[in-house]
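Observations on the three-dimensional arrangement
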Amino acid sequence: MEDPAALGAGNPPANGYSNGNGNGGGKGKPAAPKGRETFRSQRRESEGSVDCPTLEFEYGDTDGHAAELSELYSYTENPEFTTNRRCFEEDFKTQVQGKEWLELEEDAQKAYVMGLLDRLEVVSRERRLKVARAVLYLAQGTFGECDSEVDVLHWSRYNCFLLYQMGTFSAFLELLHMEIDNSQACSSALRKPAISIADSTELRVLLSVMYLMVENIRLERETDSYGWRRARETFRTELSFSMHNEEPFALLLFSMVTKFCSGLAPHFPIKKVLLLLWKVVMFTLGGFEQLQALKVQKREELGLPPLAEDSIQVVKSMRAASPPSYTLDLGESQLAPPPSKLRGRRGSRRQLLTKQDSLDIYNERDLFKTEEPATEEEEESAGDGERTLDGELDLLEQDPLVPPPPSQAPLSAERVAFPKGLPWTPKVRQKDIEHFLEMSRNKFIGFTLEQDTDTLVGLPRPIHESVKTLKQAFWPKRLRHAACRILVAQPGIEPVPPVLGAWSLNHWTAREVPPLALWLKHKYISIADVQIKNEEELEKCPMSLGEEVVPETPCEILYQGMLCSLPQYMIALLKILLAAAPTSKAKTDSINILADVLPEEMPITVLQSMKLGIDVNRHKEIIVKSISALLLLLLKHFKLNHIYQTFYSPPNKHPFCFDLLIQFEYVSQHLVFANCIPLILKFFNQNILSYITAKNSISVLDYPCCIIQDLPELTTESLEAGDNNQFCWRNLFSCINLLRLLNKLTKWKHSRTMMLVVFKSAPILKRALKVKQAMLQLYVLKLLKIQTKYLGRQWRKSNMKTMSAIYQKVRHRMNDDWAYGNDIDARPWDFQAEECTLRANIEAFNSRRYDRPQDSEFSPVDNCLQSVLGQRLDLPEDFHYSYELWLEREVFSQPICWEELLQNH
């Protein structure tokens, strides 16, 4: 990977876009333009953002089913559809006479598939490839016998279930192992100066069949039969667990990724590998909806109150804010037009500020100020001032960045009616209450009580009310009332809700409930807070607390398999992401990710070159999409994986449950060590609006459209037009995933937050606010919020509209001084100490849980000499033939000083 400094915000992007300040940054940069030119460039960028309409984007696990299948194929592979059809028809005619595939009964179809699998087991690679292409044609939907795209998708799904039931996936898995271990293909690819799509034909066919089977079987529909649902669960189990003493399928794909990045197999079709890996992880572990359901289940098992909201559902009810001003932003650029140029144009400045007032997201008035509607004269002067400025800056030179949205039906009342008030339920951490009481005790009493949030003796009455508010404000009212009705109340004891479920009521009385239950009564407690408390206790008392029972879940099995090589996996994924980023420069030592998109013969016409250029850009976008979604899924599942209802019952002590979220922290730390934070910032150091609205697709060449109708003659205009969509779904999906990933890496990690500050991420992230999409803006504002206190007063003063957006859209943390920089966590600290402490905890956890030797140091030791000498040893069967030779060589011929031996022992 590159050095973090090389990935910082100061590097100029490779695609020619500036960083928003009129220059590319970095050393040796040319002098920045001054005055009129600088103001014009900033004004053009600001006006381009104003023209951006609100993007109607619905975030989910994947795009539409047809879109996900079409992204498997590059446009260079389109001629192979005909090859697959020809191979199938040649084989089918030799086995079935006078009928087509769709005309056969199910039993006849199964018999033919069994014959195909038998013909796969031949020595000749050419014959195997032809049979594999015939199977691929079936998985693609036997499009030669279909009349519409809907029919192709229907029969593709039907055939994939049929192929799985006949054991096709296991047969192709064996062939995939053979191709991975094919040293001849690897050495041949290494000797070639340029690798093309022809070098990975066998692998592409195998991976395509497996991807189609995973994607079609993974898709759940209400009309699925009982047999299909049972087959889906069986398939999920086979992919999740080790079958026949083999590793899980995801680990095999991870090994392909590392082998590709190491340069040992440059011919691997890495896009297909990454897409298949992402879908396998999603299928076996679950997508975002399954994650939310799992989180609710775990909170219920731990006795925590239910979640107040689902973050994805809350974001759907939010609307995007207008982007902040860039022309008057003193925090990002100190360059501004001289006062003489703007004299008499206060109306234009007022107009720019007026546009920012659209940040009142929920159509409600600010309760802390009185807003009056502008008079007609003010509106006229503002409009005249803007028109004058627009004419003077010659805005006709700029092209519209985003086409106007197509005419749509009026939105329903439900879509327009946004909720009033703050969208999120505020939260309070235990640490927040402790900090508040620590400051209060130091001020009024002069000493502190560590980890004591109940003793309020000597504190003024307002402090009592504040602590009560912090503790009780965020337990939902209806839950408090329901808890009080079923409490086990005793005289003199405050009622205690059954926060640990029915288990606690059966085993404890109200007097015996541990302090943890009392905490849960009052404030919001996350799953991580419950689990993180007692890891040190297990490390300190391994004998008395007993041995931990680790459930064999798919996520746990995947982590155990990834544990030894997890750093290599993360580095490999980030290397590929760096090579696919649009801001990356081509380097001689970078990996070649275009092996499965470049044709054997390079294009010779302008039209072919344009088509290949679109294909290459599309190829990179799909790689970024798959890696960003894969990393986000892994982090979220590993964060939940250790949350089990595992109770330890020490003698004469209360049982409790715990575990540290080490799996999540382990993956996160290796991502940070591999420069993931500067890499994501480098990705966003481009014109994100242009990236999201890119038209790197040719709709007539997408599957299944390209195999149903005759392809029209491609022209330059049709290639440039792209599709009619307002934005590119996969690019916006990738940007949101990368922002969520960056947020997870830096949340509550102050040393990593300082990395955002050091790499000057604030202007980069702020430029991303030009994309008017609520979810993307939310995670950008979250990242700006955590570093606001370190950016200085001048930045906060110059970005008040951004600060207002943070207040309106991001969840509030009571007692969080994020807007002023007075928080105790803003003090200087040793950045390395925090990561080193975390790493020590991770190593201790992994050593305790996964590296336990068979002969543990806690095992009893037999110190009796007669007992040890009297133990029976199992000797080989042929030992009595050579025991005399063994005695001579190992005993009699070796000089032994018995006195020294006894003294040493």
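What comes next is a walk through the structure.

Definitions and limits used
Residues numbered from 1 in each chain as written. Predicted model: local features only at pLDDT ≥ 70, side-chain atom pairs only at ≥ 80, totals over all residues. Heavy atoms only, no water. Helix = DSSP H or I, 4+ residues; strand = E, 2+ residues; numbered from the N terminus. Buried < 20%, exposed > 50% of the residue type's maximum accessible area, 1.4 Å probe, protein only. Contact = heavy atoms within 4.5 Å. Areas by Shrake-Rupley, 256 points an atom, 1.4 Å probe, with all protein chains shown as cover. Phe/Tyr/Trp six-rings, centres within 6.5 Å; stacked < 30°, edge-to-face > 60°. Axes fitted to C-alpha atoms, helices over the stretch in contact; angles between N-to-C directions. Parallel < 35°, antiparallel > 145°, perpendicular 65-115°, else oblique. Nonpolar A, V, L, I, M, F, W, Y, C, P; charged D, E, K, R; others polar. Patch = residues over 30% accessible without salt bridge, like charges linked within 9 Å, V, L, I, M, F, W, Y side chains within 5 Å. Salt bridge = Lys/Arg side-chain N within 4 Å of Asp/Glu carboxyl O. Lys, Arg positive; Asp, Glu negative; His and termini not counted. Charge placed at Lys NZ, Arg CZ, Asp CG, Glu CD. Polar contact = N/O pair within 3.5 Å; in protein donor to acceptor, adjacent residues only side chain to side chain. Expected span 1.5 Å × (residues − 1). Arc of directions from axis to C-beta. Core = buried A, V, L, I, M, F, W, Y, C linked by side-chain atoms within 4.5 Å. Left-handed = near helix turned anticlockwise from the far one by under 90°.

The helix and strand inventory of the chain stands at 44 helices and 2 strands. Looking at the chain residue by residue over its 905 residues, the buried ones come to 50%. A separation of at least 24 residues holds for 80% of the contacts in the chain among residues at least 6 apart in sequence. Per element, the accessible surface of the chain, about 45800 Å² overall, is 52% carbon and sulfur.

For the structure shown, the criterion picks out 30 aromatic pairs. Seen in terms of ring centroids, F88 and F92 are 5.2 Å apart; in terms of plane orientation they differ by 20 degrees. Their pairing is stacked. Within this pair, F88 and its partner F92 are both found in helix α3 (residues 79-95), separated by 4 residues, close to a single helical turn. The pair formed by F88 and F92 is uniform in burial state, with each residue classed as buried. Ring plane angle 85 degrees and centroid distance 5.2 Å describe the contact between W155 and Y158, whose orientation is recorded as edge-to-face. Separated by 3 residues within a single helix, W155 and Y158 lie in helix α6 (residues 149-165), roughly one turn from each other. An aromatic cluster is built from Y73, F81, F88, F92, W101, Y112, Y137, F143 and Y703, whose rings are joined through pairwise contacts.

Below, the discussion takes up the packing of helix α35 (residues 729-746) against helix α36 (residues 750-758). As a packed pair, α35 and α36 sit with axes 7 Å apart at the nearest point and diverge in direction by 130 degrees. Judged by the angle between their axes, α35 and α36 are oblique. Every residue of α36 that contacts α35 at L742, L745 and T746 is listed here: R752, T753 and L756. Per-class residue counts for the contact of α35 with α36 are 3 nonpolar, 2 polar and 1 charged.

Together, D118, E121, E174, E246 and E247 make up a negatively charged patch on the protein surface. As for its position among the elements, E174 is in helix α7 (residues 168-180).

Looking now at the side chain of D91. If you trace the backbone, D91 turns up in helix α3. Among the polar contacts listed, one links the side chain of D91 to the side chain of R119, at a separation of 2.9 Å. When sequence neighbours within four positions are dropped, the list of residues in contact with D91 reads Y112, L116 and R119.

Let us now look at the pattern of salt bridges. Under the counting rule described, the total for this entry stands at 27 salt bridges. One salt bridge in this structure joins R204 and E77, with 2.9 Å as the shortest N-O distance. On the criterion of sequence distance, the pair formed by R204 in helix α9 (residues 201-218) and E77 in the loop between α2 (65-70) and α3 is long-range, its members being 127 residues apart. Judged by relative accessible area, which is 2%, R204 ranks as buried. The exposure class assigned to E77 is buried, which follows from its relative accessible area of 5%. Salt bridges here are not isolated pairs; linked through shared partners, they connect E68, E71, E215, R218, K279, E621, K625 and R730.

Here we take up α3. An α-helix turns once every 3.6 residues. As a result, residues three or four positions apart point the same way. In a regular helix each residue adds 1.5 Å, so 17 residues correspond to 24 Å; α3 covers 26 Å between its end C-alpha atoms and thus fits that length. Listing the buried residues of α3 in full gives E80, F81, N84, C87, F88, D91 and F92. All buried residues of α3 fall inside an arc of 130 degrees around its axis, so they share one side. Along α3, exposed side chains directed more than 90 degrees from the buried face belong to P79, T82, K93 and T94. Contact partners of the buried residues in α3: α4 (106-120), α5 (125-139), α9 and α33 (705-708).

Moving on: the nonpolar core. The biggest cluster of nonpolar side chains holds 188 residues, and the ones touching the most others in it are F249, M562, M570, I576, L671, F684 and L776. Sequence-distant contacts of F249, defined by excluding residues within four places in its chain, comprise F169, L173, L176, M210, L239, L276 and V280.

Glancing now at unusual backbone geometry. A cis geometry characterises the amide bond from Y703 onward to P704, with omega recorded as 0 degrees. Its place among the elements puts P704 in the loop between α32 (688-692) and α33. We note that T142 has phi near 45 degrees; this positive angle belongs to a residue other than glycine. By secondary structure assignment, the location of T142 is in the loop between α5 and α6. Although it is not a glycine, K760 adopts a positive phi angle of roughly 55 degrees. If you trace the backbone, K760 turns up in the loop between α36 and α37 (761-768). For K760, a relative accessible area of 60% translates into the label exposed.

On the secondary structure map, K316 appears in helix α14 (residues 311-316). By relative accessible area, which is 34% here, K316 ends up partly exposed. Sequence separation of K316 and A774 is 458 residues, and the distance between their C-alpha atoms is 7.8 Å.

Moving on, we get to helix α12 (residues 270-285). Along its 16 residues, α12 runs 22 Å from first to last C-alpha, staying within 8% of the 22 Å computed at 1.5 Å per residue. Taken across its 16 residues, α12 has 16 buried, putting it largely inside the fold. Just downstream of α12 lies G286, where phi reads positive at about 115 degrees.

In contact at an axis separation of 9 Å, α4 and α5 are set at 150 degrees when each is read in the N-to-C sense. By the angle between their directions, the pair α4 and α5 is classed as roughly antiparallel. At the point where α4 passes α5, the crossing takes the left-handed sense. Taking contact as the criterion, the partners of V113, L116, R119 and L120 in α4 are, on α5, R128, V131, A132, A134, V135 and L138. Here the residues of the contact of α4 with α5 are counted per class, giving 8 nonpolar, no polar and 2 charged.

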